[in-house]
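Single-letter residue listing:
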Amino acid sequence: MTSNPLRKLLFDEKIRSIWIQALIVGLFAFLVYTVSQTTAYNLEKRGIGTGFEFLQMSAGYDISFSLIDFTSKDTHLRAYFVGVLNTLLVSVTGIFLATILGFLVGVIRLSSNWLFRNIAYVYVEFTRNVPVLLQIILWYSILIHLPKVKQAVQFLEYFYLTNRGLYSPSPIFLEGFRFVAWSFVIAIIFTSFLKKYLKKKQNITGNQYPIFYINSAIIIFTPILIFYIMGMPMEFSHPVIKGFNFQGGMVLRPEFMGMLLGLSIYTAAFISETVRSGIMAVSKGQREASQALGLKSNFIMRLIIIPQALRVIIPPLTSQYLNLTKNSSLGIAIGYSDLVHGFGGISLNQTGKAIEIMLIVMVTYLIMSLTISLLMNIYNRTVQFKGNA
Amino acid sequence: MTKIKSLFVSLLLTLGVSSAIAGSHGSTLDLVKDRGFLKCGSNTGLAGFGLPNDDGVWEGIDVDVCRAVAAAVFGDASKVEYVPTTSKVRFTVLQSGEVDMLSRNTTWTLQRDVELGLEFVGVNYYDGQGFMVPASLGVSSASELDGASVCIQVGTTTEMNLADFFSANGMSYEAVPVETNSEADAAYTAGRCDVYTTDASGLYASRAGYPDPSAHVVLPEIVSKEPLGPSVRHGDSAWADIVRWSLNAMIIGEEKGITSANVDEMKNSKDPEVLRLLGVNQVGDTGAGYGQWLNLSDDWAYNILQQVGNYSESFERHIGPNTPINIQRGLNALYKDGGILYAPPFR
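The shown structure was predicted, so the numbers you read here are calculated from the model rather than taken from an experiment. (Residues numbered from 1 in each chain as written. Chains lettered and ligands numbered in written order. Predicted model: local features only at pLDDT ≥ 70, side-chain atom pairs only at ≥ 80, totals over all residues.)

### Remarks on the overall build of chain A
Going by this rule: Every helix listed is a DSSP run of H or I at least four residues long, and every strand listed is a run of E at least two residues long, numbered separately from the N terminus. The quantity called the radius of gyration is restricted to C-alpha atoms. Its globule counterpart is 2.2 Å times the number of residues to the power 0.38. Whether a residue is buried, exposed or partly exposed follows from its count of other C-beta atoms within 10 Å of its own C-beta, namely 20 or more, 12 or fewer, or something in between, respectively; the C-beta atoms are built from the backbone. Working definition of a contact: two residues with C-beta atoms, positioned from the backbone, lying within 7 Å.
Helix and strand counts for chain A stand at twelve helices and eight strands. Taken against the 2.2 N^0.38 rule, which gives 21 Å for 389 residues, the C-alpha radius of gyration of chain A at 28 Å runs more than 25% over that of a compact globule. The proportion of buried residues among the 389 residues of chain A is 29%. Counting contacts in chain A only where the partners sit at least 6 residues apart, residues at least 24 apart contribute 67% of the total.

### Brief notes about the sheet that holds strand β8 (residues 250-252) of chain A
All names here are of chain A. Stated formally: Paired strands are those between which DSSP finds at least two bridges. Throughout, an axis means a line fitted to C-alpha atoms (over the contacting stretch in the case of helices), and angles, computed between N-to-C directions, take values from 0 to 180 degrees.
One open sheet holds the four strands; their spatial order is β1-β2-β3-β8, and the pairing between them is antiparallel. On the outer flanks of this sheet lie β1 (153-155) and β8, each paired with one strand and no other. On average, each strand axis in the sheet is tilted by 20 degrees relative to the strand beside it, whichever way the strands run. Judged from the three bridges that link them, strand β3 (residues 165-168) and β8 form a sheet pairing that is antiparallel.

### Remarks on the confidence of the model for chain B
Residue and element names in this part refer to chain B. Worth spelling out the cut-off: Residue-level confidence of the predictor, termed pLDDT, takes values from 0 up to 100.
In the predicted model, chain B carries a mean pLDDT of 87, and 92% of its residues have values of at least 70. Confidence drops under a pLDDT of 50 for residues 1-24, and excluding neighbours within four residues, the segment shows eight contacts in the predicted structure. In the model output, the complex is listed with pTM 0.77 alongside ipTM 0.75.

### Observations regarding the nonpolar core
Applied cut-off: We define the nonpolar core as any set of buried residues of the types Ala, Val, Leu, Ile, Met, Phe, Trp, Tyr and Cys, connected via C-beta atoms lying within 7 Å of each other.
Of all hydrophobic cores here, the largest spans 151 residues; its most connected members are V69, V150, C151, V195 and I304 of chain B. Looking at this core, the element that brings in the most residues is helix α8 (residues 254-281) of chain A, giving 13 residues. Leaving out residues up to four positions away in the same chain, V150 of chain B has contacts with L162, Y173, E174, A175, V176, C193, V195 and T197 of chain B. Grouped together as the second largest cluster of nonpolar side chains are six residues, A152, Y160, L166 and V251 of chain A included.

### Overview of the interface of chain B and chain A
Here is the rule: Residues are grouped as follows: Ala, Val, Leu, Ile, Met, Phe, Trp, Tyr, Cys and Pro are nonpolar; Asp, Glu, Lys and Arg are charged; every other residue, Gly included, is polar.
Contacts between chain B and chain A engage 35 residues on the former and 33 residues on the latter. Those elements that place two or more of their residues in the side of chain B that touches chain A are α1 (2-23), α4 (90-95), β9 (148-153), α6 (158-168) and β10 (173-178) of chain B. Counting residues per element, the side of chain B that touches chain A draws most heavily on β10 of chain B, which supplies five residues. When its residues are assigned to classes, the side of chain B that touches chain A shows 14 nonpolar, twelve polar and nine charged.

Structure, rendered in structure tokens:
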């Protein structure tokens, strides 16, 4: 009986689990400690400086593809933000495009039209079975073999397609344009209230209103009306060949377009399969019941099938979004100035601070991914069944 | 209990041991000798400097430095394993001990020498950054490049010089950053950029590989100093000395007219420095030659000159006027021939 406390240590489930967990945590902490100590020791022994002071040093190189102003005199910290913004730019636009394309293809895959269905099938099987890096390089190679600047393809009068990008006029907003912008915002807020009101009215009276058309008209025509009232406060800067390149206007660089096409076409194939599985997961009886009620086929899709399919679609869709964001780091292959290429590549090389920079880059991707997960989880909650039905 | 305890102890031991291994490093020379071959960080592929030929054998003037070190250490210039490195990973590869030395057109700068924990041991090619444009553009000077799109290899001193050059001249440009030399060639020949800038030697090497080399001109401006040379990890001076003097032996070889063809005849030379270099003369009357100071055999320099040749042979074989690369000696001639190549005396 005196050995009881010792026996308890080993055989009492609760106590045993506590000390085993403590041991594992302790071992892990020890491992982390050892690795970091060894690294620090080796770095010091090899005379490699450490620390984060380099962030305040001037970068010394230029980044031409940037959403914020950047020159070689700016700091590495600013180069970091340029990279983050470029990564976000290609990820967000990529997610947007991939979602639209993926939903379209997913629905077409289930269409009764033999030709469409099989084209979609070939597209999905081809793109998702070829590594995305190759696809990005393929798109980029195609884009940089477009006509050269001097032989630019002109279309729609003011647009030029060249191997240095797609040039388009850029708007210059004059005094008074902010009223147009505000009217647009106000129109959107107004229509959301209008929608609620009309729905309510429909529920009471049973009369249907073409809510979509009414609201679209309001959102489109209000700003246009204000635009003319304010005396058209906008000008365009047109791209013109001057010297080596087009000057003025806006440009979509082939590096960006290559990334966007590669990522979104690749991810859309996966999304389409997710969408297809989601739609197929809705039981056949649902469709038959709604047909029996006399609903039109687009209503069946919009009101019955899609809301139920979304419950199945959203969780795997989230991981596709995460994949796309992480795959954007492949921009390094074609010189797209994303986070890994600029800050994680050039800054790393200029300063030699591999460990510090890789830590920063990894934490940044972690934050981006967790944010996407968080947003998608919030959205997921809104489409799930409420209550315990 | 004892089982768990012994498990824990052994775990502790392995962790301790592995960290000890990671922390230790003996002399690089011993490491190389034990391994039986030299690991040399080379370029991923730059004609004339470091590129495998049709038989898969690495060739070039950077490669010749690796071969010289192998000849000095093993008496066999072929005992080298080449580890191709991009400009981005080269320093990490050297720092982490994956290679014993780096010989891949790397510019010697203060930061790299001091803060990155490297040790540059000499210069095997004096270079400078230049610009190449298609001849059809009709550009004759770099000062006419305002507004141009410029292809640059990232992770190099090039992009900093480029930024400095354009801002100093009040010009703007679009930077098209690429990862490797071959990607730069692809982007430049496709017309993605108007200008390709890198070290002039690299421009000549790239141009030699284009379908029509005469359609491209290298502009006269050289906008930077780029002393390219081999480097080793900081902290093992004995190893640094071996690499430094292997290169010096090649330069002294040229100065004294010793070639791979006449190296045996030169053993009968009357010049004491030649005799010291070839391991004929001894240090004073100790009975030992000049290898002892480097922990090498006395015929180490003889092996270099016999198997690799002197600097001029290496230059003419890989990048000289009789090769497709077609580079003049220029700065890289010996000091007595109007260049700045100069090795300390061998004594």
